[in-house]
Amino acid sequence: MEVLETIVIHSTEVEGKETVVCSVDIDKAKAEFIWTLQATWHLVNTRLEMDQAFDQPVCKKKKLWEMVAEKVIAKLRESEVTNVTVKAYECDLKWRNLLATYRKNAERAKRLGVNSVHWEFFKAMHEVLGKSREEVEAQRRAKLSGTRVGNAMASKRFTPILPTPPATSVAPCSARPPQDVLQLYMELQERKMNMWAQQKALEERKIEAINNLAQAISSLAEKNSMQMSKDGH
């Protein structure tokens, strides 16, 4: 018999090798609630009864867990368990542990079948948490069937409101006459010729500048050679 159970523990960072335990920590540890099997069952049943309230898109979870804690304390006192106080955050943390264990056992049930799970809380939690949204909606409609609300919902006809397609303004396609097309083509060709002429003039200027530089260098070399010949005589 294999039972999967997961315990969620908040990780704390400890600095140094030595740990000092003060009296406040001891008192706090003593004040922590110990989850017995009976208390855990009260928590599971209470939380499952309030599952729809927890599933609401807008709800204050802190207030709901305070209500869960109050109901668990009341049920324990009805069972003649007095001098017991459980806090909201303790119920929340315990439920997270139970939920993690349930999910692992649910995966095991998918692979090996429900009979392979022997965790005591699985059946009760699976009856509520294992239902799909379609099953929950079907059960809700079944409960409303025969009532005034159900009959009104069944007899009401809903007309789907389709979105109005946006009006697309199509610009008229104005066809250019052949003369305009020819004129545009001639203008483009003229621009190309002008650009080519400008580029040709620029290249000619570059060649002229290079020739002038070469002539200046050759004249300077001739002057230097003549000056050296005069100095030699």
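In what follows, the accompanying structure is described. Note that this is a predicted model, so its numbers are computed, not measured. (Residues numbered from 1 in each chain as written. Predicted model: local features only at pLDDT ≥ 70, side-chain atom pairs only at ≥ 80, totals over all residues. Heavy atoms only, no water.)

1. As for the overall build of the protein
Okay, so step 1: The secondary structure content of the protein amounts to nine helices and zero strands.
Okay, so step 2: When the 233 residues of the protein are sorted by exposure, 19% land in the buried category.
Okay, so step 3: Summed over all atoms, the accessible surface of the protein reaches about 19900 Å², with 56% contributed by carbon and sulfur. (Helix = DSSP H or I, 4+ residues; strand = E, 2+ residues; numbered from the N terminus. Buried < 20%, exposed > 50% of the residue type's maximum accessible area, 1.4 Å probe, protein only. Areas by Shrake-Rupley, 256 points an atom, 1.4 Å probe, with all protein chains shown as cover.)

2. What about the packing of aromatic side chains?
Okay, so step 1: What the rule picks out here adds up to five aromatic pairs.
Okay, so step 2: Clustering of aromatic rings is evident, with ring pairs tying together Trp41, Trp119 and Phe121.
Okay, so step 3: One residue, Arg47, lies across the ring of Phe54, its end atom 3.9 Å from the ring centre. (Phe/Tyr/Trp six-rings, centres within 6.5 Å; stacked < 30°, edge-to-face > 60°. Lys NZ or Arg CZ within 6 Å of the ring centre and 35° of its normal.)

3. Observations concerning the packing of helix H5 (residues 88-112) against helix H6 (residues 122-129)
Okay, so step 1: H6 packs onto H5 with a crossing angle of 85° between their chain directions and a minimal axis gap of 10 Å. Accordingly, the angle class assigned to the pair H5 and H6 is roughly perpendicular. On H6, the residues touching Trp95, Leu98, Leu99, Tyr102, Asn105, Ala106 and Ala109 of H5 are Phe122, Met125, His126 and Leu129.
Okay, so step 2: Class assignment of the residues belonging to the contact of H5 with H6 gives a composition of nine nonpolar, two polar and no charged. (Axes fitted to C-alpha atoms, helices over the stretch in contact; angles between N-to-C directions. Parallel < 35°, antiparallel > 145°, perpendicular 65-115°, else oblique. Contact = heavy atoms within 4.5 Å. Nonpolar A, V, L, I, M, F, W, Y, C, P; charged D, E, K, R; others polar.)

4. Focus on unusual backbone geometry
Okay, so step 1: The backbone phi angle of Glu80 is positive, close to 65°, even though this residue is not glycine.
Okay, so step 2: Along the chain, the position of Glu80 falls in the loop between helix H4 (61-78) and H5.

5. Comments concerning the side chain of Glu90
Okay, so step 1: Counting through the fold element by element, Glu90 comes out in helix H5.
Okay, so step 2: Salt bridges are absent for the buried Glu90, whose nearest opposite-charge side chain, Lys87, sits at 6.0 Å.
Okay, so step 3: Setting aside its immediate chain neighbours within four residues, Glu90 contacts Glu32, Phe33, Trp35 and Thr85. (Lys, Arg positive; Asp, Glu negative; His and termini not counted. Salt bridge = Lys/Arg side-chain N within 4 Å of Asp/Glu carboxyl O.)

6. A closer look at the pattern of salt bridges
Okay, so step 1: Throughout the structure, instances matching the rule amount to two salt bridges.
Okay, so step 2: Among the salt bridges present, the one from Arg47 reaches Asp51, with a minimum N-O distance of 3.1 Å. Grouping residues by exposure puts Arg47 and Asp51 together as buried.
Okay, so step 3: Between Asp92 and Arg96 there is a salt bridge, with the nearest N and O atoms lying 3.2 Å from each other. A residue pair is termed a helical-turn pair when its members lie 3 or 4 positions apart in one helix, as Asp92 and Arg96 do in helix H5 at four residues.

7. A word on a nonpolar patch on the surface
Okay, so step 1: Where nonpolar side chains cluster on the molecular surface, the patch consists of Leu182, Tyr185 and Met186 and spans about 330 Å² of accessible area.
Okay, so step 2: Looking at the element boundaries, Met186 is found in helix H9 (residues 178-232). (Patch = residues over 30% accessible without salt bridge, like charges linked within 9 Å, V, L, I, M, F, W, Y side chains within 5 Å.)

8. Some details on helix H2 (residues 37-49)
Note that an α-helix has 3.6 residues per turn; residues three or four places apart therefore point the same way.
Okay, so step 1: Look at H2: 18 Å from first C-alpha to last across 13 residues, which is about the 18 Å you get at 1.5 Å a residue.
Okay, so step 2: Turning to H2, its buried residues are Ala39, Thr40, His42, Leu43, Val44, Thr46, Arg47 and Leu48. (Expected span 1.5 Å × (residues − 1).)

9. As for the environment of Leu76
Okay, so step 1: Mapped onto the fold, Leu76 is located in helix H4.
Okay, so step 2: Along the backbone, Leu76 and His42 are 34 residues apart, and their C-alpha atoms lie at a distance of 7.8 Å.
Okay, so step 3: When sequence neighbours within four positions are dropped, the list of residues in contact with Leu76 reads Phe33, Ala39, His42, Val81 and Val84.

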